[in-house]
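The lines below spell out each chain.
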Amino acid sequence: MTEPAAPSDRGTVGRGSPSPAQIAIWTAVALAGAVGWAMLALSRGEEISAAWMVAAALGTYAIGYRFYSRFIAYRVLRVDKTRATPAERLDNGVDFHPTDRRVLFGHHFAAVAGAGPLVGPVLAAQMGYLPGTIWIVVGVILAGAVQDMVTLFFSTRRDGRSLGQMARDEIGPFGGAAALVAVFAIMIILLAVLALVIVNALAESPWGVFSIAMTIPIALFMGFYLRVLRPGRVTEVSVVGVALLLLAIVAGGWVAESSLAETFTLSKGTLVLWMIAYGFLASVLPVWMLLAPRDYLSTFMKVGTIALLALGVFIALPTLKMPAVTDFASRGDGPIFAGSMFPFVFITVACGALSGFHALVSSGTTPKMIQKETQVRMVGYGAMLTESFVAIMAMITACIIDPGLFFAVNAPVGAIGDSVQSASEAVAGFGFSISPEALTAAAESVEEESLLSRTGGAPTFALGMSEIFSAVIGGAAMKAFWYHFAIMFEALFILTTVDAGTRVGRFMLQDTLGNLYKPLRDVSWKPGVWLTSAIVVGGWGYFLWVGVHDPLGGINQLFPLFGIANQLLAAVALAVCTTLLVKSGRLKWAWVTGVPLAWDVAVTLTASWQKIFSGDPRVGFFTQRSIYQEGIDNGEVIAPAKDMDEMHTIVTNSTVDGVLCALFALLIIVVIVDAGRVCWKAVHAPETVKLHEAPYQRSTVVAPAGLFATKEEKAEMAAAAAGDGGGTGPERPVGTRS
Amino acid sequence: MSLPARVRALAARTRWYWREATGEAAYDRYVAHARAHDPNAPVLSRRAFERRRTDAREADPREGFRCC
């Protein structure tokens, strides 16, 4: 019952020995990458240009894409261009329809790119630019992009089944259930951490709060336009929407200067309440009102800004001021996140190198639209490489600002105090230097009250981006605008994720609770929708509240949990992929996903172990707990707590975080063990293997595999077009030549 | 190809890509699909079609989900 062996003529795109020109080009690419890495790794104590980082990344991506992804596609997965995809077989013109590979690449990239790769690398810069950069590039080539492509391939062979369904079908109900619980728990932590990033960026910032608040009426207007006035005219309404959005950013500056500033200056606590109220309302309102138009806005802003940023980096070619490796990498006592390089750099970078969440997009929406199996390489692997490049740009934005400023912005209040003097002293203690005047000047240059302890990565990213953009357009005068532009851009799509994620969480909850009480499953039964929405919002709202009030620093405490959760989901996806490789008789290729899985599990379990059992109170949740509990018992207040209430807060938070961490570790072990059992059985009793693959059906579509059609593909397309005059005869022998 | 023709071709391709990427072309695709076999097949109006498309996300929010 293995997946049918493909005809031997398949997968022959551009085979044969390479031409001298090709050899020369690829040698040059490899050299460019190698020189980039050499400059990054070997320069010590001097500032180097970000151009080297870009060269190292792009050179390595090109090699990885050209050679490794090709090997995986044609040798391991054996993609079959003669096999019809679900989009072709089940074409209904709506959700299943063969979509042009370039369009689908755009859709897929827009769906996988989010705030994660912008935030993680910024925080990881605490250990210097080198550890994070190496993992972003190496990780994506060997793990992240592999996961995305292989998941996409297997889901395409299964009519676009979701990761959870595949886990249930191919591993079993036990592993499947663990995967489902994992997805839900991860969703809650994800939403809480993303919301926390936004709250930290918007607190005490009337400019930011006003601009973001304005996105709601703008989205409502767009929603009304698309629903009632001119349905489906996305372009015209989006042009208006984006123009209004830019106006809102400019107007934010006016508001911050006016008497209205007070009204829009909100504390973190108030913002949390607003976020929770918004999250609940947005998820129970009809999709057309808020979510759909917001989605358009945030997608345009996201893709547009990322393209602009890439352009800006190429034009401005800023210098990296951060050291290659800081002392925090070995000492493990960094103020932004505690713990040593292994495993915490990998946990912190997360999405930019390997993101479990992508498996949810790669299984589900994209496989229903892919035209040819051969295109999983360009769409799955290619889109993830692009996402990784976004992470590299985020790393650049964090490393071009003054390291002293970087630490003052990212360290929690507990570590640097709340005045520029105390922050300057604390930064000196970290081994960097920045004067109190420089800290004040930095805040003034972007027209913010203060930049101290703006944790979460978004403000740092915005500072770096305003640095790059103002070097290209507008100079210092435009810095404040670009800073708030960046904040708005991140806030916009984080809010969209909060809205969409709450809906997905609710849907999963309704599905599960529906087993106990039938009506709950009905998505149009309002009380059920409200109840389950409230549970989901309550879940992430709790962690958001906790994160904002944690004396130890919310990002410091919660971000590792988010990283662990995300990498855990990646482990689930990689376990499903490895199981499928083994079950389909490809044991000898199982290392392709098996090695990244082993690495990911080692990272995730080591991190969980340290978070649970470490004796270092900065790292271990339970050590933290016992120290502060002892303090309470002895009636003493331990810094950074300021009173007994804060002592109790720390004890509660550490306990909850520790228990959650243990739960995540347990889930990962359950999935791995169950997957191992299935693999063992598949190897020792191959006759019992049951694959849930859709049967083979010959494809009648002719389309290129990569971005550009090869000579053979052009000939095939011409032959197909001449052969049938546009119709699709079932017996037409396409894809069998060459 | 002459220069104006090239510019026109490029503009047409850009427009095609944009309409496909934003989903503006979804309705045309639906009509083409419905009428592929029967030119007189009844089709929804654009208004009704776009409503159905948006409301489908209501029923299963996992479609079109965005990552972190």
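Residues numbered from 1 in each chain as written. Chains lettered and ligands numbered in written order. Predicted model: local features only at pLDDT ≥ 70, side-chain atom pairs only at ≥ 80, totals over all residues.

Okay, the overall build of chain A next. Counting its secondary structure elements, chain A contains 29 helices and two strands. Expected size for 738 residues packed as a compact globule is a radius of gyration near 27 Å; at 26 Å, chain A falls within 12% of this value. Dimensions of chain A, computed from C-alpha atoms along their principal axes, come out at roughly 80 × 60 × 55 Å. Here chain A, with 738 residues, has 57% of them falling under the buried criterion. Contacts in chain A between residues at least 24 apart in sequence constitute 81% of all its contacts with a sequence separation of at least 6. (Helix = DSSP H or I, 4+ residues; strand = E, 2+ residues; numbered from the N terminus. Rg over C-alpha atoms; globule rule 2.2 N^0.38 Å. Buried ≥ 20, exposed ≤ 12 C-beta atoms within 10 Å, placed from the backbone. Contact = placed C-beta atoms within 7 Å.)

Right, let's get into the overall build of chain B. A tally of helices and strands in chain B yields three helices and zero strands. In chain B, the succession of α and β elements from N to C terminus is α-α-α. The globule rule puts the C-alpha radius of gyration for 68 residues at 11 Å, and the 17 Å found for chain B is more than 25% above it. When the 68 residues of chain B are sorted by exposure, 22% land in the buried category.

Each side of the interface is counted separately: chain A has 39 residues, and chain B has 29 residues. Of the residues assigned to the side of chain A that touches chain B, the class counts are 21 nonpolar, 14 polar and four charged. (Nonpolar A, V, L, I, M, F, W, Y, C, P; charged D, E, K, R; others polar.)

All names here are of chain A. Within the secondary structure layout, Ala282 lies in helix α12 (residues 268-284). Overall, the presence of 24 C-beta atoms within 10 Å leaves Ala282 in the buried class. Taking the C-alpha atoms as reference points, Ala282 and Leu42, 240 residues apart in sequence, are found 50 Å from one another. Each residue touching Ala282, except ones within four places of it in the same chain, is listed here: Leu290, Leu291 and Asp499.

Attention now goes to the confidence of the model for chain B. Residues and elements named next belong to chain B. Confidence in the prediction for chain B averages 89 pLDDT; 97% of positions are at 70 or higher. The spread of mean pLDDT over the elements of chain B runs between helix α3 (residues 46-59), the lowest at 90, and helix α1 (residues 3-22), the highest at 95. Overall fold confidence (pTM) sits at 0.93, and the ipTM for the predicted complex is 0.94. (pLDDT = per-residue confidence, 0-100.)

This part takes up helix α15 (residues 341-349) of chain A. Of all nine residues in α15(A), eight are buried, a share of seventy percent or more. Those residues of α15(A) lying buried are Met341(A), Pro343(A), Phe344(A), Val345(A), Phe346(A), Ile347(A), Thr348(A) and Val349(A).

A few words now on the UniProt feature "domain: CstA N-terminal" (unreviewed entry) in chain A. As recorded in UniProt, the sites labelled "domain: CstA N-terminal" (unreviewed entry) are residues 50-607 of chain A. Along residues 50-607 of chain A the backbone is 73% helical and 0% strand, and the end-to-end C-alpha distance reaches 31 Å. (UniProt positions renumbered as here; feature names shortened; annotations may be inferred.)

Within the fold, Phe708(A) resides in the loop between α28 (644-684) and α29 (711-724). For the pair Phe708(A) and Arg102(A), spaced 606 residues apart in sequence, the C-alpha separation works out to 9.7 Å.

Moving on: unusual backbone geometry. Residues and elements named next belong to chain A. For the bond running from Phe342 to Pro343, omega is 5 degrees, close enough to zero to count as cis. Here Pro343 lies in helix α15. The residue after Ala639, namely Pro640, is reached through a cis peptide bond having omega 5 degrees. Structurally, Pro640 is set in the loop between α27 (621-633) and α28. One non-glycine residue with positive phi stands out, namely Arg78, at about 55 degrees. Mapping Arg78 onto the fold places it in the loop between α2 (50-76) and α3 (86-89).

All right, on to the packing of helix α20 (residues 420-430) of chain A against helix α21 (residues 436-445) of chain A then. Two quantities define a packed helix pair, namely the angle between the axes and the distance from one axis to the other. Residues and elements named next belong to chain A. Here α20 crosses α21 at 115 degrees, and the two axes come no closer than 8 Å. Crossing of α20 over α21 shows right-handed handedness. For the pair α20 and α21, the contacting residues are Val420, Gln421, Ala423 and Ser424 in the first and Pro436, Leu439 and Thr440 in the second. A class-by-class count of the residues in the contact of α20 with α21 yields four nonpolar, three polar and no charged. (Axes fitted to C-alpha atoms, helices over the stretch in contact; angles between N-to-C directions. Left-handed = near helix turned anticlockwise from the far one by under 90°.)

Tracing the sequence through the fold places Met301(A) in helix α13 (residues 291-316). Sequence spacing of Met301(A) and Leu492(A) is 191 residues, and the spatial spacing of their C-alpha atoms is 8.4 Å.

The next point concerns the confidence of the model for chain A. Residue and element names in this part refer to chain A. For chain A, per-residue confidence averages 92 on the pLDDT scale, and 96% of positions sit at 70 or higher. pLDDT under 50 marks residues 1-14. Its contacts with residues more than four places away, or in other chains, come to 25 contacts. With pLDDT under 50 throughout, residues 725-738 is counted as low confidence; its partners more than four residues away or in other chains account for 20 contacts.

Residue and element names in this part refer to chain A. The contact between helix α9 (residues 206-229) and helix α23 (residues 479-513) brings their axes to 10 Å, and the two run at 45 degrees. Considering their axes alone, α9 and α23 lie oblique with respect to each other. Relative to α23, α9 is oriented so that their crossing is right-handed. Here α9 contributes Trp207, Gly208, Ser211, Ile212 and Thr215 to the contact with α23, which in turn contributes His484, Ile487, Met488, Ala491 and Leu492. The residue makeup of the contact of α9 with α23, split by class, is six nonpolar, four polar and no charged. (Parallel < 35°, antiparallel > 145°, perpendicular 65-115°, else oblique.)

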